[in-house]
Amino acid sequence: MSNEPRRAGRHFLQIPGPTPVPERVLSAMSRQMLDHRGLEFQKLGKRVLQGVKGLFKTAHHVIIYPSSGTGAWEAALTNTLSPGDKVLMCETGQFAVLWAGMAQKLGLVPDVLPTDWRVAADGNTFEAKLRADKAHEIKAICVVHNETSTGCRSRIDEIRKALDAANHPALLMVDTISSLACTDLRHDEWGIDVTVSGSQKGMMLPPGLSFTAISDKALAASKTAKLKRSYFSWDDMLANNANGFFPYTPATGLLYGLAEAIDMINEEGLENVFTRHERLAEATRRAVRAWGLEIQCRDPKFYSPAVTTVIMPEGHNADAYRKIVLDNFNMSLGTGLNKIAGKAFRIGHLGDTNELTVMGALTGVEMGFELAGVPYKKGGVQAAMSYLAETARTRELVAAE
Ligand SMILES: *Cc1c(COP(=O)(O)O)cnc(C)c1O
């Protein structure tokens with residue numbers, strides 16, 4: 001038993017993943033183990049392998065690995081590329097840095113376009129590089145859709161247009177680990193070749209599953225790609241998946257949770273899930289502005305519906321402030337990563353989140369400023385409340401299919 005006194009009520013986990021898991025998903029996972037080569041599992045396997053396709057808006061294969069999102073990054077690169085291949089990336093923030101670092105370790109040659117970490121990637125980001133690459137040495141573009149460190153969302157549709165305008169054959173790979181089931185994502189329509197995602201953010205599941213949606217072009221590339229791969233090899237996985245099975249022991253408990261989470265998202269309606277995220281994000285940004293603080297994302301075009309990164313006033317440490325919030329109000333806020341460590345904190349508003357969750361979080365943030373002696377203007381919570389009240393029930397609900 002711990003010496004810490006019990007803290008009443010629930011912990012507010014307002015980091016941008018892992019996110020709180022709904023009761024329905026927790027209950028669905030509370031099951032006895034089963035034979036993963038048997039008929040009962042086969043039904044579950046087929047159900048989830050089919051069900052996830054809707055979330056990616058794809059008719060093609062989606063692989064489900066028992067791994068964190070990072071595993072799916074590795075799968076995307078090793079199944080499609082060969083040693084020495086050039087990959088074009090954009091340093092939107094810490095997750096782009098990590099993916100580029102992985103590419104380098106695997107023997108690829110990442111060409112990373114810089115940003116100031118306050119914008120995401122759009123059509124213009126890559127176009128000049130693509131047009132200049134007449135010899136087609138660039139084999140893939142890797143983009144983080146929602147950069148979880150900065151709260152900036154890239155324009156994947158525009159990046160597709162840039163590839164087409166430059167008539168460039170590079171594969172388009174997109175990390176949607178913190179954007180799947182938070183914001184629109186059209187694997188087929190946007191011509192994405194590999195979409196990578198994970199379970200513990202918008203999907204409302206515990207960590208431990210990753211997803212990889214694969215285009216026919218990526219599948220064809222995997223036939224000649226020479227990077228070494230075994231556990232993450234697509235061919236064994238796809239051969240087994242055809243019958244609802246896996247080449248090795250799948251994370252059966254998490255798959256029960258996944259089936260339930262997919263049902264919940266479909267019951268709400270995927271488009272309604274996106275609208276909910278946009279609205280809660282806007283309420284959060286209104287609070288930040290009313291406090292007189294700066295949002296890390298400086299171009300509204302790139303605002304993230306999943307997470308808001310807030311810049312601390314000069315001379316105030318974000319982690320010291322986060323500790324005060326945790327100690328006093330039992331709420332975890334996201335830390336600033338890499339070059340914005342100590343300078344910014346993050347408010348996650350993704351997954352199974354509603355108006356009052358966000359209002360509770362914003363109230364804790366505002367009270368924390370007072371306790372920590374952070375200079376701020378009162379009224380952020382009020383600004384968010386006003387916006388949520390004004391927009392309550394007035395939006396047209398897209399009929400759930
Ligand atoms: C969380 C996250 C990752 C890392 O995923 P893990 O599941 O921790 O391996 C990668 N990219 C983005 C955009 C993320 O938000």
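Residues numbered from 1 in each chain as written. Predicted model: local features only at pLDDT ≥ 70, side-chain atom pairs only at ≥ 80, totals over all residues. Heavy atoms only, no water.

Draft legend 1. Representation of the packing of helix α11 (residues 318-329) against helix α12 (residues 355-372). Their axes nearest at 9 Å, the elements α11 and α12 cross at an angle of 110 degrees. When the axes of α11 and α12 are compared, the pair comes out roughly perpendicular. Here α11 and α12 pass one another in a crossing that is right-handed. Residues Y321, I324, V325, N328 and F329 of α11 touch α12, and the partners they reach there are G364, V365, M367, G368, F369, L371 and A372. (Axes fitted to C-alpha atoms, helices over the stretch in contact; angles between N-to-C directions. Helix = DSSP H or I, 4+ residues; strand = E, 2+ residues; numbered from the N terminus. Parallel < 35°, antiparallel > 145°, perpendicular 65-115°, else oblique. Left-handed = near helix turned anticlockwise from the far one by under 90°. Contact = heavy atoms within 4.5 Å.)

Draft legend 2. Fine view of the site of the ligand. Surveying the vicinity of the ligand reveals 13 residues, the closest of which are S68, T70, T148, D175 and K201. Between the ligand and T148, the relevant distance is 2.4 Å, taken from an oxygen atom to a side-chain nitrogen or oxygen of the residue. The side chain of Q200 places a nitrogen or oxygen atom 2.8 Å from an oxygen atom of the ligand. Relative to its unbound accessible surface of 380 Å², the ligand loses 88% to contact with the protein. For the shell around the ligand, the leading source of residues is helix α3 (residues 69-80), giving 3 residues. (Near = heavy atom within 4 Å. Polar contact = N/O pair within 3.5 Å; in protein donor to acceptor, adjacent residues only side chain to side chain. Areas by Shrake-Rupley, 256 points an atom, 1.4 Å probe, with all protein chains shown as cover.)

Draft legend 3. Structural view of the sheet that holds strand β1 (residues 12-14). Within the open sheet, the 5 strands sit side by side as β1-β13-β14-β12-β11. Their pairing is mixed. Because the sheet does not close on itself, it has two edges, and the strands there are β1 and β11 (294-295). Where β1 lies against strand β13 (residues 331-335), 3 bridges are found, and the strand directions are parallel. Following the sheet pairing, L13 is matched in β13 by S332. In this fold helix α10 (residues 270-290) packs onto β11, β12 (307-311) and β14 (344-348), with an angle of close to 10 degrees to the strand it touches most, β12. Across the sheet, α11 is in contact with β13 and β14; its angle to β13 comes to roughly 165 degrees. (Pairing = 2+ DSSP bridges.)

Draft legend 4. How the structure looks around the pairing of β12. Of all 5 residues that make up β12, 4 are buried, and the element is covered over most of its length. Two strands pair when backbone bridges link them, and β11 and β12 are joined in this way by 2 bridges, in the antiparallel orientation. In the sheet register, I295 faces β12, and the bridge partner there is V310. Judged from the 5 bridges that link them, β12 and β14 form a sheet pairing that is antiparallel. (Buried < 20%, exposed > 50% of the residue type's maximum accessible area, 1.4 Å probe, protein only.)

Draft legend 5. Representation of helix α5 (residues 123-132) within the structure. Among all positions of α5, only G123, F126 and L130 are buried. For α5, the angular spread of buried residues about the axis comes to 95 degrees, placing them on one side. Exposed residues on α5 whose side chains face more than 90 degrees from its buried face are N124, A128 and A132. Those residues of α5 hidden inside the fold are in contact with β3 (86-90), β4 (109-113), β5 (138-144) and α6 (156-165). Regarding α5, its N-cap is D122, as a side-chain oxygen of that residue lies 3.1 Å from the backbone nitrogen of N124 further along. (Arc of directions from axis to C-beta.)

Draft legend 6. Molecular detail of the domain arrangement of the protein. Along its sequence, the protein is carved into domain 1 (12-19 + 269-400) and domain 2 (23-266). On a C-alpha basis, the centres of domain 1 and domain 2 stand 27 Å from each other. Taken residue by residue, the interface counts 35 residues in domain 1 and 36 residues in domain 2. Across the domain 1/domain 2 interface, buried area totals approximately 2900 Å², and carbon plus sulfur atoms make up 55% of it. The tally of links from domain 1 across to domain 2 stands at 6 salt bridges. Here E294 makes a salt bridge to R118, at a shortest N to O gap of 2.8 Å. On inspection of domain 1 and its partner domain 2, the count reaches 22 residue pairs in polar contact (both at pLDDT 80 or more). For the side of domain 1 that touches domain 2, the elements supplying multiple residues, two or more each, are α10, β11 and β12. A per-element tally of the side of domain 1 that touches domain 2 places α10 first, with 6 residues. (Domains from an automatic or database assignment. Buried area = accessible area lost by both parts, 1.4 Å probe. Salt bridge = Lys/Arg side-chain N within 4 Å of Asp/Glu carboxyl O.)

Draft legend 7. Region of the structure containing the nonpolar core. I64, F126, M173, F211, W234 and L258 are the most contacted members of the largest nonpolar core, which totals 87 residues. Ranked by residue count, the leading element in this core is helix α9 (residues 252-268), at 9 residues. In this structure, A120, C152, V365 and Y376 belong to the second largest nonpolar core, which totals 35 residues. (Core = buried A, V, L, I, M, F, W, Y, C linked by side-chain atoms within 4.5 Å.)

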